[in-house]
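# Reading the structure
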Amino acid sequence: MSRLLSMLFSLFLAACGEMEDTQSGNTGTEDRVANRPLVVTSNYPLFFFASQIAGDAKQAPRIVLPSIGGDPASWVPTADQIGLLQSADLVLLNGAGYESWLDWITLDEGRLTNTTAGTTSQLIELKELPTHQHGPAGEHAHLGTAFTTWLDPRLAMEQAGAVAVALERLVPDQADSFRDKLSGLQSRLTELDRELADTFAALNGQPILFSHPVYQYLQRRYDLNGVSLHWEPDAEPGISAWIELQKILQQHPAAIMLWEEVPLASTSARLADMGVRSIVFRTASNRPGHGDYFDVMGGNADRL
Amino acid sequence: MIEMAAVSFRYQGNVAGTSSAPAINRFSMYIDKLAVVRGERVALVGPSGSGKTTLLGLVAGILRPDSGTLHIHGREISSLGDAAVRQFRIGHVGQVFQSFELLDYLSIVENVMLPWYIARDPSSEKMGRQQCRQRAHALLDEVGLASRSNDLPGRLSQGEQQRVAVCRAMLNHPLLLLADEPTGNLDQANKQMVVDLLLQQAQQQNSTLLMVTHDQSLLGRFDTVLDIRSVSSEGAPE
Amino acid sequence: MSGAWYLGWRYLAFHKFKSAILIASITLMLFLPAATRVLVSDSAAALTARADRTPLLFGAAGSPLELVLNSLYFHAGKPSAITADKLDQLQATSLAKFIPLNTHFHSRDNPIVGTTLEYFSFRGLELAGGRLMGMLGECVLGAGAAARQGVVSGDYVVSSPETVFDIAGVYPLRMKVAGVLKPTGSTDDAAVFVDVRTTWVIQGLGHGHQDLAKPGAAAGVLGRKEGVITANASVAQYAEITVDNIAEFHFHGRSDNFPLTSVIAVPPDDKSATLLRGRYQSNDEGLQLVVPATVLNDLLDTVFTVQNYVILGLAMLGMATVAVIVLVFLLSQQLRRGEFHTLSRIGASRIYIGLLIASELAFVFIGSLLLALSLIIVMKQYALQILQSFLTL
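All of these numbers come straight from a predicted model, not from anything done at the bench.

## Here's the deal with the overall build of chain B
Tallying secondary structure elements over chain B gives 7 helices and 10 strands in all. For chain B, buried positions account for 45% of its 238 residues. Summarising the internal contacts of chain B: among those between residues at least 6 apart in sequence, 77% fall at separations of at least 24.

Written out as structure tokens, the structure is:
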């Protein structure tokens, strides 16, 4: 009885806070849909795919890539950028653990689309846990899932498809246009896939090196015989790194090392002395200085 | 003005009175003949219990005679119904009581206006509210109390209260002014003043004054001194 | 005004004290039962409205009432928790919008409600200033909570430790106020809203370390020996998540096992609702499904029964009051016999005197009635708010 009275009293107190409930609802999304919905992407490839699919018609969704310095995988959104993400009608995510900031940013889950959600079986799990040091940045470890999925044009096509589906849900009126443009984009990705396949086929399975473990999907797609190091283009490798490289080269006599960016001249020179040629293969994760995704990937193929 | 003939009256059982009037049992009186002319100022005297208050009550119509006739100003009061008698009393009879009997929750001017408030339909009476108020103020002015018209009776002296009671009695220009020992609770100075006031008002209004008093010193000021025993028979100690 | 009415009014005005007591007694006699009924019905309507707007609620097996009270009204109880993987299971059904809640903690007297941004649109909550929380460690306060804690956007609030002697060393979390909501007159006004993951940080399931090896922490160091740093009591007594240290915050264990108080389900249509209810009706899989409106109606039936008994009691009290008032009147009339005699002698009829007494009764009763009505109107407008300010949630 006393428990019931306690609950009744609590109910009464709760009712003290309940005079009326408003039910204004949220019409923000509906307003924004009427005035070009906002789509924010977490990296450049998604930005490019979404831009291609959305097109530039008057009522097409606005596609935005926030201004991110460096690799978007390390992005720490500012307060303004968090506000931008929250105000977006749609946030296109790469998935596969790419957006570490999702762990601590508050977003409306209903507005997020993981573009690799439909390809989880094809994602590459990282099983090793090497610890290492990059100069003053301190130690960090790679583990979880490899996330540069767009380097595999077939996965890129899947992602583009997911982008199109999300845009269709956002603006059903323009679904036909999105599908048409998706078709065109996928054709170009197919062409890129063929070009890269031809390029990598010329290597004939020869061993190569990857300066950083970001080429997993490329490696798998084109069956590359590669080993990953943990070198940064703008950092001088330490003595232990060179020693480790020598050991690797004994087992894996690579003549090519792929870099995300142009390495230090001293590094590439020393590598050249060791018989390893440095080739830049950009991941296109962020907005290129010039050109677009296909230009970047085409340039990569050319350099190979 | 007042004509009584063969009037008999007997109290029926206990009569509930005010705290100032004891219950009366088995009192009866018979008045063979009584006549008072208009404007006459009569002092009514007699021993206690001789029926002076009863006579006033009969004249005022408060008490109804068991038999006989009572005419006041040519009108047979004894044959009127209760409502008509009350109306007559309100409109034509002014009364002053020994204990003043002002209402303590009304201001002085409102006490003077009391007969107007009691009248059945004030709006149809000869005076409207405003007129009545003016009349009351004028009366208070005559007795020197106009400046205190909004005071409550509790703030007045006994003499002042009785003056207000006299004003109340005079409100409706009464034909008949009945005073039952109005000076009984006053000191000598106030006695004289109140009696002066009553006599003056009676003269001014040409009202017939019938005043009960035990004070011998006042008798000389009246036209007639009437001993109740000379007009009535029987009685009982009051 | 008829003379009797005027005299009656003047009598009451002269005897102010007695009149006031009589009016107050009758007013209370009229007001209390009516106020009880109005208060209960208004409370019930308000509670029911909020429950009606919450279609379905999932929680751990146990008391449905406690689950509803805690999830809808942030009642300070501690129902059993469900794990976050249940939310994933529910979301996988795609049968509704699912909004998690974790209401285990408080910031002073204000409940901390861990949830998602969808809660704000669901409840129609709008910002009065600032913005919604953007990251872990930020909060949005209801209007009442902000007023009570005297904070605005940009200020900070701190979560309250669960016990005074918290030997586990889980420090309170200092949270930045990102925004303040407009008042709604609902329980949400008293709440401190955070990302549900922030509540896991408060619980100690995730934390950041104050790096005592860094030069800035020297003041907190008691001694260093062989790589072991001993801290003194000046080490920060609260945790705070900022953009600078967010990278250091991490959760221990799988988030699937982290606790939630409940999950609100908002199906888009009746068919989805039916499917959802059918799937979880048997309360298997450690989940209880309740319809808040049904739970509340059952409780309110009890409340109304209690109310009827209360009103019955008040009615009996009222009868006793009437008896006393009648006695007072009768005694009063006895004391006024002399006055009535005077009036009668001057020419007042018995009817007139009866009317005089009746007018006094009428004034007292009408005055009481008007006063009681006014009080009920005022109470209907403000009582719940006044009570809320005095009886903190």
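## So, the overall build of chain C
Along chain C, the regular secondary structure elements total 11 helices and 18 strands. Put simply, chain C has 393 residues, and 37% of those count as buried. By sequence separation, contacts in chain C at least 24 residues apart represent 76% of the contacts at least 6 residues apart.

## What to know about the interface of chain C and chain B
In this assembly, 17 residues from chain C lie in contact with 18 residues from chain B. In terms of residue count, the dominant contributor to the side of chain C that touches chain B is helix H10 (residues 337-346) of chain C (7 residues). Its residues placed into classes, the side of chain C that touches chain B shows 8 nonpolar, 6 polar and 3 charged.

## Observations concerning the nonpolar core
Of all hydrophobic cores here, the largest spans 137 residues; its most connected members are Ala50, Ile53 and Val163 of chain A together with Cys139 of chain C. When residues of this core are assigned to their parent elements, the largest contribution, 10 residues, is made by helix H5 (residues 153-170) of chain A. Val163 of chain A has contacts with Leu46, Phe49, Ala50, Ile53, Leu92 and Thr115 of chain A, leaving out every residue within four places of it along the chain. Counting 84 residues, the second largest nonpolar core, distinct from the first, contains Ile118, Leu175 and Leu226 of chain B together with Leu12 of chain C.

## Regarding the sheet that holds strand S9 (residues 224-227) of chain B
Residue and element names in this part refer to chain B. If you trace the 5 strands from one edge of the open sheet to the other, you get S6-S7-S8-S3-S9, paired in parallel fashion. A strand with exactly one partner marks an edge of an open sheet, and here the two such strands are strand S6 (93-96) and S9. In this sheet, adjacent strand axes meet at a mean angle of 20° when their direction is disregarded. Lying over the sheet, helix H6 (residues 158-170) contacts S6 and strand S7 (176-180), oriented at roughly 170° with respect to S6.

## A short note on helix H7 (residues 188-205) of chain B
Residues and elements named next belong to chain B. Between its terminal C-alpha atoms H7 stretches 26 Å, which fits the 26 Å expected from 18 residues at 1.5 Å a residue. Buried residues of H7: Lys191, Met193, Val194, Val195, Leu198, Gln201 and Ala202, and no others. Its buried side turned inward, H7 meets strand S3 (41-45), H6, S7 and strand S8 (208-212). Just beyond H7, the residue with positive phi is Asn206, at close to 55°.

## Brief notes about the packing of helix H3 (residues 44-54) of chain A against helix H6 (residues 175-201) of chain A
When two helices pack together, their arrangement is given by the angle between their axes and by how far apart the axes lie. Residues and elements named next belong to chain A. The geometry of H3 relative to H6 is characterised by a closest axis approach of 7 Å and an angle of 130° between their N-to-C directions. Comparing their axes, H6 and H3 come out oblique. Residues Phe49, Gln52 and Ile53 of H3 form the contact with H6, whose participating residues are Phe178, Lys181, Leu182 and Leu185. In terms of residue class, the contact of H3 with H6 is built from 5 nonpolar, 1 polar and 1 charged.

## Here we look at the pairing of strand S5 (residues 110-115) of chain C
All names here are of chain C. Most of S5 sits inside the fold, with 6 of its 6 residues counted as buried. Judged by which residues are buried, S5 turns out to be covered on both faces: Asn110, Ile112 and Gly114 on one side and Pro111, Val113 and Thr115 on the other are all buried. Pairing of strand S4 (residues 106-107) with S5 involves 2 bridges; the strand directions are antiparallel. By the bridge assignment, Ser107 is partnered in S5 with Asn110. If you look at the hairpin formed by S4 and S5, you'll find 2 residues sitting between the two strands, and Arg108 has a positive phi there, around 55°. Bridge count between S5 and strand S10 (residues 192-195): 4 bridges; the pairing is parallel. Note on S10: the bridge partner recorded for Ile112 is Val192.

## Describing the confidence of the model for chain B
Residue and element names in this part refer to chain B. For chain B, the mean per-residue pLDDT works out to 85, and 89% of the residues sit at or above 70. Considering each helix and strand of chain B separately, the mean pLDDT is smallest for strand S10 (residues 232-233), with a value of 78, and largest for helix H3 (residues 108-112), with 95. With pLDDT under 50 throughout, residues 14-21 is counted as low confidence; its partners more than four residues away or in other chains account for 12 contacts.

## Quick look at the sheet that holds strand S2 (residues 62-64) of chain A
All names here are of chain A. Overall, parallel pairing links the 4 strands, which are arranged S2-S1-S3-S4 in an open sheet. With partners counted over all chains shown, the strands left at the sheet margins are S2 and strand S4 (112-114), one partner each. The mean angle between the axes of side-by-side strands here comes to 20°, regardless of whether they run parallel or antiparallel.

## Remarks on unusual backbone geometry
Unlike most non-glycine residues, Ala96 of chain A shows phi in positive territory, near 60°. Residue position: Ala96 of chain A is located in the loop between strand S3 (90-93) and S4. Taking the C-beta count within 10 Å as the criterion, Ala96 of chain A has 24 such neighbours and is therefore assigned buried. One non-glycine residue, Arg108 of chain C, lies in the positive phi region at around 55°. Take Arg108 of chain C: it is sitting in the loop between S4 and S5.

## Quick notes on the confidence of the model for chain C
Residues and elements named next belong to chain C. Averaged over all residues, the pLDDT of chain C equals 84, while 85% of them reach at least 70. Segment residues 211-215: pLDDT under 50, and 7 contacts once partners within four positions in sequence are set aside and those in other chains are kept. Interface confidence for the predicted complex, given as ipTM, is 0.87, next to a pTM of 0.66.

## Things to note about the pairing of strand S1 (residues 38-41) of chain A
Residues and elements named next belong to chain A. The side-chain alternation of S1 yields two buried faces, one formed by Leu38 and Val40 and the other by Val39 and Thr41. Looking at chain direction, S1 and S2 are connected through 3 bridges and run parallel. Paired with Val39 across the two strands is Ile63, which belongs to S2. Considered for its hand, the β-α-β crossover made up of S1, H3 and S2 is right-handed. Examined bridge by bridge, S1 and S3 share 3 bridges and lie parallel to one another. Bridge pairing links Thr41 to Leu92 in S3.

## Considering the environment of Gln162 of chain B
All names here are of chain B. With respect to the secondary-structure elements, Gln162 resides in helix H6. For the pair Gln162 and Lys191, spaced 29 residues apart in sequence, the C-alpha separation works out to 9.7 Å. With residues near it in sequence (within four places) discarded, Gln162 still touches Phe100, Pro182, Leu186 and Val194.

Calculation rules
Numbers given for residues are sequential positions, taken from 1 along each chain in its written order. Here chains are named by letter from A upward and ligands by number from 1 upward, in the order in which they appear as written. Local features in this predicted model are restricted to residues whose pLDDT is 70 or higher, and side-chain atom pairs enter the listing and the counts only when it is 80 or higher, whereas totals over whole chains, interfaces and linings include all residues. Under the DSSP-based scheme used, a helix requires at least four consecutive residues in state H or I and a strand at least two consecutive residues in state E, with every element numbered from the N terminus. Three exposure classes are used, all based on how many other C-beta atoms lie within 10 Å of a residue's own C-beta (placed from the backbone): buried at 20 or more, exposed at 12 or fewer, and partly exposed between those limits. Note on contacts: each residue gets a C-beta atom placed from the backbone, and two residues are in contact if those atoms are within 7 Å. For this classification, the nonpolar set comprises Ala, Val, Leu, Ile, Met, Phe, Trp, Tyr, Cys and Pro, the charged set comprises Asp, Glu, Lys and Arg, and every other residue, Gly included, is treated as polar. Nonpolar core, as used here: buried Ala, Val, Leu, Ile, Met, Phe, Trp, Tyr and Cys residues forming one set through C-beta atoms within 7 Å. Note on pairing: two strands pair once DSSP finds at least 2 bridges between them. Between N-to-C directions, angles span 0 to 180 degrees; the directions come from axes that are lines fitted to C-alpha atoms, helices contributing only their stretch in contact. Take the residue count of a helix, subtract one, and multiply by 1.5 Å to get its expected span. If an angle is under 35 degrees, it is roughly parallel; if it is over 145, roughly antiparallel; if it lies from 65 to 115, roughly perpendicular; otherwise it is oblique. Scored from 0 to 100, pLDDT records how confident the predictor is in each individual residue. With strands facing away from the observer, any crossover in which the path from the first strand over the helix to the second runs clockwise is taken as right-handed.

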